[in-house]
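In case you want the letters, here they are:
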Amino acid sequence: MSKFENYTSVSDSYDVTRSPPGVSIYLERLPRLCGKPLAEIHILDAGCGTGNYARELLAAGVGKVTCLDGNRGMLDRAKTKLERFDKLGRIGGFIEACLPGVPVDGAIDAVMFNFVLHHVEQRGTNYGLTRETLLAAANKLPKAKVFSVATFFSHQLRECIWYAKSFPERVYDVMDELFVSELKLKEFFEEAGFTAEAYIPLQESILSEREYYNYEAILDKSWRSNISGWKHLTEDEETTAVEGIRDLMRSGQWADFVETCEINKRQYGECSLVFAHRQ
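Computed from a predicted model, the values in this text were never measured in an experiment.

Visitor: So what's going on with the overall build of the protein? Which residues, and what values?
Guide: The helix and strand tally for the protein stands at 15 helices and 7 strands. The C-alpha radius of gyration of the protein comes to 19 Å, within 12% of the 19 Å expected for a compact globule of 279 residues. Each principal axis of the C-alpha atoms in the protein carries an extent, and together these give about 55 × 40 × 30 Å. Per-residue burial for the protein yields a buried fraction of 55% across its 279 residues.

Right under this line is the structure:
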């Protein structure tokens, strides 16, 4: 796992702002792609974080989830959050391990990588660690029929997200090296023996509804610390970006700024959910 951010520190406040987008699409597509009822599906949540996706999917009827994460703080919070499902035998295990390794055995039907591959990735590798992660999972789990990746694509990062629209161009260039492109993701899926089945733009945000519409919260450094993209800014860049936001607010242009992002988001999505099935 990369040194993208301090995950133990993030785990303390992660659930204050975050929400798992795309759950309804998982529930709709997984039975068809896996070829079995939802209650019989076993998912590996690779990079599970604090267990938000696992909790929502289990509560909606997914049979079992195995949780894997490279950070003990994140995994401990997932354990607490999912305790009632664990007592019912619906947790396949809590595994502390760093991608691209996938030390998991068993009859896994689907593997989901939700907003995690950019944390694995390193600059200058042409998404080599993303590729390694997908290949390792495909080889280690030959019975898995479905892979899914939730991520941000470049055009979404640059145009559709109001809380990330003030970054300097240098930061977008950095993120372009960490967030896998559509074409490379398709290529890696095919190399792993999978075919991309759908690229779905999501209108839902990774932020909870309360936090998403709390526009002035971006002025709070502790709030920004929960948005990993801000960690790529230098101190001077962050100061300049925040002052630019203050200027927009003072001049009455902030609402138009946000609405432009909202228009782009309605057309292209804030983020994307990609499904692939084994060939």
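The discussion continues.
Visitor: Describe the state of the cysteines, and please don't skip the residues or the numbers.
Guide: Tallied over the entire structure, the rule returns 0 disulfides. Free cysteine C98: the closest other cysteine sulfur is in C48, separated by 12 Å. A disulfide-free cysteine, C160 has its sulfur positioned 7.8 Å from the sulfur of C261, the nearest such atom. Taking relative accessible area as the criterion, C160 reaches 0% and is therefore assigned buried.

Visitor: Residue-level account of the sheet that holds strand β4 (residues 110-114), with values.
Guide: With respect to topology, 7 strands assemble into an open sheet ordered β3-β2-β1-β4-β5-β7-β6, the strand pairing being mixed. Of all strands in the sheet, those with a lone pairing partner are β3 (91-96) and β6 (194-202), marking the two edges. Averaged over all pairs of adjacent strands, the angle between strand axes in this sheet comes to 15°, irrespective of strand direction.

Visitor: Describe in detail the confidence of the model for the protein, supporting the description with residues and values.
Guide: Do not read the fine detail of predicted coordinates wherever pLDDT is low. When pLDDT is averaged along the protein, the result is 94; 95% of the residues meet or exceed 70. Predicted confidence is poor over residues 1-9, with pLDDT under 50, and the contacts of this stretch with residues over four places away or in other chains come to 25 contacts.

Visitor: I'd like a description of the nonpolar core, backed by residues and values.
Guide: Residues L30, I43, W162, Y163 and W230 are the most contacted members of the largest nonpolar core, which totals 64 residues. Take this core: its biggest share by element is 6 residues, from helix α3 (residues 23-34). Setting aside residues up to four positions removed in sequence, L30 forms contacts with G35, L38, I41, I43, A110 and V146.

What counts, and at which threshold
Each chain has its residues counted from 1, running along the sequence as written. It should be noted that, the model being predicted, local features are given only for residues of pLDDT at least 70 and side-chain atom pairs only at 80 or more, the latter also being counted only at that level, while totals for whole chains, interfaces and linings use all residues. Side-chain measures were taken over the full set of non-hydrogen atoms in the model, leaving aside hydrogen atoms and water. Helix and strand assignments follow DSSP, with helices taken as H or I runs no shorter than four residues and strands as E runs no shorter than two, numbered in order from the N terminus. Values of the radius of gyration come from C-alpha atoms, whereas the globule rule sets the reference at 2.2 Å times the count of residues to the power 0.38. The classification of residues rests on relative accessible area computed with a 1.4 Å probe and restricted to protein chains. Under 20% of the type maximum is buried, over 50% is exposed, and intermediate values are partly exposed. For the purposes of this analysis, a disulfide is any pair of cysteine sulfur atoms at a distance within 2.5 Å. Note on pairing: DSSP must find at least two bridges between two strands before they are called paired. Only the stretch in contact is used when fitting a helix axis, every axis being a line fitted to C-alpha atoms; angles between N-to-C directions are given from 0 to 180 degrees. Every residue carries a pLDDT, the predictor's confidence in it, which falls somewhere between 0 and 100. Here, residues are in contact when the closest pair of their heavy atoms is within 4.5 Å. Side-chain atoms within 4.5 Å are what join buried Ala, Val, Leu, Ile, Met, Phe, Trp, Tyr and Cys residues into a set we call a nonpolar core.

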